[in-house]
Amino acid sequence: MANAHSDHPAHLQHHFVSSEQQFDAAKMGMWLFLVTEILLFSGMFVAYIVYRTWHPEVFVKSSELLDPVMGGINTIVLLASSFTVALGIHFAQKDNKKGLVINLVLTFLFALTFLVVKYFEYTAKFEHGVFPGAAFDPHGVSHGVDYATYNIQYARQFFSIYFVMTGIHGFHVLVGMGLFTWITIKAVKGQFSSAYYTPVENCGLYWHLVDIIWIFLFPLLYLI
Amino acid sequence: MSHAEHHVSSIKMLSIVFGGLVFLTVTTVLTAQIDLGAFNVPLAMTIAVIKASLVIVIFMALKWDNKVNAVIFGLGLLFVAVFISFVLFDTLYRGDMSSTTKGTVQDEVIRNEALQSREPDPSSLQPVHTP
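Residues numbered from 1 in each chain as written. Chains lettered and ligands numbered in written order. Predicted model: local features only at pLDDT ≥ 70, side-chain atom pairs only at ≥ 80, totals over all residues. Heavy atoms only, no water.

Looking at the domain arrangement of chain B
Residue and element names in this part refer to chain B. The cut-off we apply is this: Boundaries of every domain are those given by an automatic assignment or by a domain database. By the convention used here, residues are in contact when the closest approach between their heavy atoms is within 4.5 Å. Each of two parts loses accessible area, computed with a 1.4 Å probe, when they are put together; buried area is these two losses added. A pairing counts as a salt bridge when a side-chain nitrogen of Lys or Arg comes within 4 Å of a carboxyl oxygen of Asp or Glu. Polar contacts, as counted here, are pairs of nitrogen or oxygen atoms within 3.5 Å of one another; within protein the pair requires one atom able to donate a hydrogen and one able to accept it, and residues that are adjacent in sequence qualify only if both atoms are side-chain atoms.
Here the domain parsing of chain B yields domain 1 (8–65) and domain 2 (66–117). Domain 1 puts 5 residues into the contact, and the matching count from domain 2 is 5 residues. When residues of domain 1 are sorted by the area they lose upon contact with domain 2, Ile56, Leu62 and Asp65 head the list and together hold 93% of the total. Counting across the domain 1 and domain 2 interface gives 0 salt bridges. Joining domain 1 to domain 2, the criterion identifies 3 residue pairs in polar contact (both at pLDDT 80 or more).

See below:
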């Protein structure tokens, strides 16, 4: 017992039989967490569905105020970030440290781009009194759009759902940026290899789920 | 320490899927500008489901993953389906039975305010039952 750690790799915890078992356990835990995330968002999707079935014409009219070009750009930005995460995992599996770090940094920058676009979308709405809840009071004219004509009954519910859903989604993007900062630092330090890349894999799974939520939010809020 | 059993997605396949996802995004933006009547919503949702499936199956590599993860994910989707359908059993069919009223709480508030502000009809203020 000169050194209890000498007979196994540094990343392997003592309570696991093998690296493989440790990897599978961590990944299964991640999938269970993703299911709880899906159920968190499903509550908001149910709210959307119920109010839409009650007032479909209000949702069609209100969605005109959201810019499909901005939303479309953000969709492609998030899809690109999912692509770079998948590439990062590919390079981690191939022991390519440079490829992994580059793709993790790109993912972080795409996430940042998404939030910057979202910031401009939010501020453009706030300027015209489009707030969630009781403060909802659309007014003013910009780009030929008279905001006052959107002050119709139940429009407040659409925009409350819009701000809550995109806000909680945006918070997940922010958390993702923190996660990618953390694993980029670990990757630069050379802590990942084809033998151990579990944090990259699990952060990737989380990030793909954030992307999937947006894939549904975009058409529901901006297009239809 | 070989992890040869882990599936490694090729850059070519990931690129093709990414191209497909961008193509579908452009398609859904363009088709949403055309008025297809009742078909706008199902079309946009079909495209969204295809996009999400591509991300889950290829990017998240569920296709090559341990099957237990697919079962966990499938169970999650099942509970979402139960959640949505059982809520709709209520909200879609309100007012179909005589004991319930159609509409939302906000509708009720508006109706009550209208009733409150209405000038009462003098004849209705007379006692109904005279001895």
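Considerations on the packing of aromatic side chains
All names here are of chain A. The following threshold applies: For Phe, Tyr and Trp, rings pair up if their centres lie within 6.5 Å, where Trp contributes its six-membered ring, and each pair is then called stacked (planes under 30 degrees apart), edge-to-face (over 60) or tilted (otherwise). Strands are runs of DSSP state E lasting at least two residues, helices are runs of H or I lasting at least four, and both sets are numbered from the N terminus onward. Burial classes follow relative accessibility: with a 1.4 Å probe on protein chains only, a residue under 20% of its type's maximum area counts as buried, one over 50% as exposed, and anything between as partly exposed.
In this structure the tally under the stated criterion is 23 aromatic pairs over all chains. When the centroid spacing of 5.5 Å and the interplanar angle of 50° are considered together, the rings of Phe23 and Tyr197 count as tilted. You can see Phe23 sitting in helix H1 (residues 19–54) and its partner Tyr197 sitting in the loop between helix H5 (155–188) and helix H6 (198–223), a full 174 residues away along the chain. Of the two residues, Phe23 and Tyr197, neither departs from the other in class, the shared state being buried.

Things to note about the layout of surface pockets
This is how it is decided: In this analysis the probe radius is 1.4 Å and the grid spacing 1 Å, with only protein atoms considered; a cavity is a set of points the probe fits into but cannot get out of, a pocket is an open set with protein on both sides within 12 Å along at least five of seven lines, and lining residues have an atom within 4 Å of a point. Grid points are joined across faces, edges and corners, and a volume is the space filled by probe spheres set on the points.
Approximately 670 Å³ is the volume attributed to the largest pocket. Together, 23 residues line the largest pocket, and Phe45 and Phe216 of chain A together with Val49, Val80 and Ile84 of chain B are the ones closest to its centre. Sort the elements by how many residues they give to the lining of the largest pocket and H1 of chain A lands first, with 8 residues. Structurally, the lining of the largest pocket is a two-domain feature, drawing no fewer than three residues from each of domain 1 (8–65) and domain 2 (66–117) of chain B.

A closer look at the interface of chain A and chain B
Filter applied, for reference: Side-chain classes follow a simple rule in which Ala, Val, Leu, Ile, Met, Phe, Trp, Tyr, Cys and Pro form the nonpolar group, Asp, Glu, Lys and Arg form the charged group, and the remainder, Gly included, forms the polar group.
Contact with chain A, which involves 55 residues of that partner, is made by 53 residues of chain B. Carbon and sulfur atoms supply 78% of the area buried between chain A and chain B, which totals about 4600 Å² over both sides. Interface area lost by chain A to chain B is led by Trp31, Trp54 and Phe83 of chain A, which between them contribute 15%. Viewed at the interface, chain B and chain A are joined by 1 salt bridge. Among the ionic pairs, Lys27 of chain A bridges to Asp65 of chain B, the shortest N-O distance being 3.4 Å. At the surface where chain A touches chain B, the tally comes to 7 residue pairs in polar contact (both at pLDDT 80 or more). Of all the secondary structure elements, the ones that give two or more residues to the side of chain A that touches chain B are H1, helix H3 (68–93) and H6 of chain A. Taken together, the residues of the side of chain A that touches chain B sort by class into 34 nonpolar, 15 polar and 6 charged.

Quick notes on the pattern of salt bridges
Evaluation of the coordinates by the stated rule reveals 3 salt bridges over all chains. Lys118 of chain A is the partner of Glu121 of chain A in a salt bridge, and the nearest nitrogen-oxygen pair spans 3.1 Å. With Glu121 of chain A and Lys118 of chain A both in helix H4 (residues 97–127) and 3 residues apart, this pair spans about one turn of that helix. Glu121 of chain A gets classed as buried once you look at its relative accessible area, which sits at 6%. For Lys118 of chain A, a relative accessible area of 3% corresponds to the buried category. Within the structure, one salt-bridge network assembled from shared partners comprises Lys27 and Glu201 of chain A together with Asp65 of chain B.

Quick look at the nonpolar core
Applicable threshold: Among buried residues, the Ala, Val, Leu, Ile, Met, Phe, Trp, Tyr and Cys ones that are joined through side-chain atoms within 4.5 Å form a nonpolar core.
Ranked by internal contacts, the top residues of the largest apolar core, which has 88 residues, are Phe159 and Trp207 of chain A together with Phe59 of chain B. Among the elements that take part in this core, H6 of chain A stands out by supplying 17 residues, more than any other. The two domains that each donate at least three residues to this core are domain 1 (8–65) and domain 2 (66–117) of chain B. Residues contacting Phe159 of chain A, with those up to four places away along its chain left out, are Ser62, Leu65, Leu66, Val130 and Phe136 of chain A.

Section: the environment of Ser193 of chain A
Residues and elements named next belong to chain A. Here Ser193 lies in the loop between H5 and H6. According to the relative accessible area criterion, Ser193 is partly exposed, its value standing at 25%. Ser193 sits 93 residues away from Leu100 along the chain, and the two C-alpha atoms are 9.9 Å apart. Non-local contacts of Ser193, meaning those with residues more than four positions away in its chain, are made with Ala92 and Asp95.

Structural notes on unusual backbone geometry
All names here are of chain A. Positive phi values are uncommon outside glycine, yet His143 reaches one of about 50°. Looking at the element boundaries, His143 is found in the loop between strand E1 (141–142) and strand E2 (145–146). For Tyr154, which is not a glycine, the phi torsion comes out positive at approximately 75°. If you trace the backbone, Tyr154 turns up in the loop between E2 and H5.

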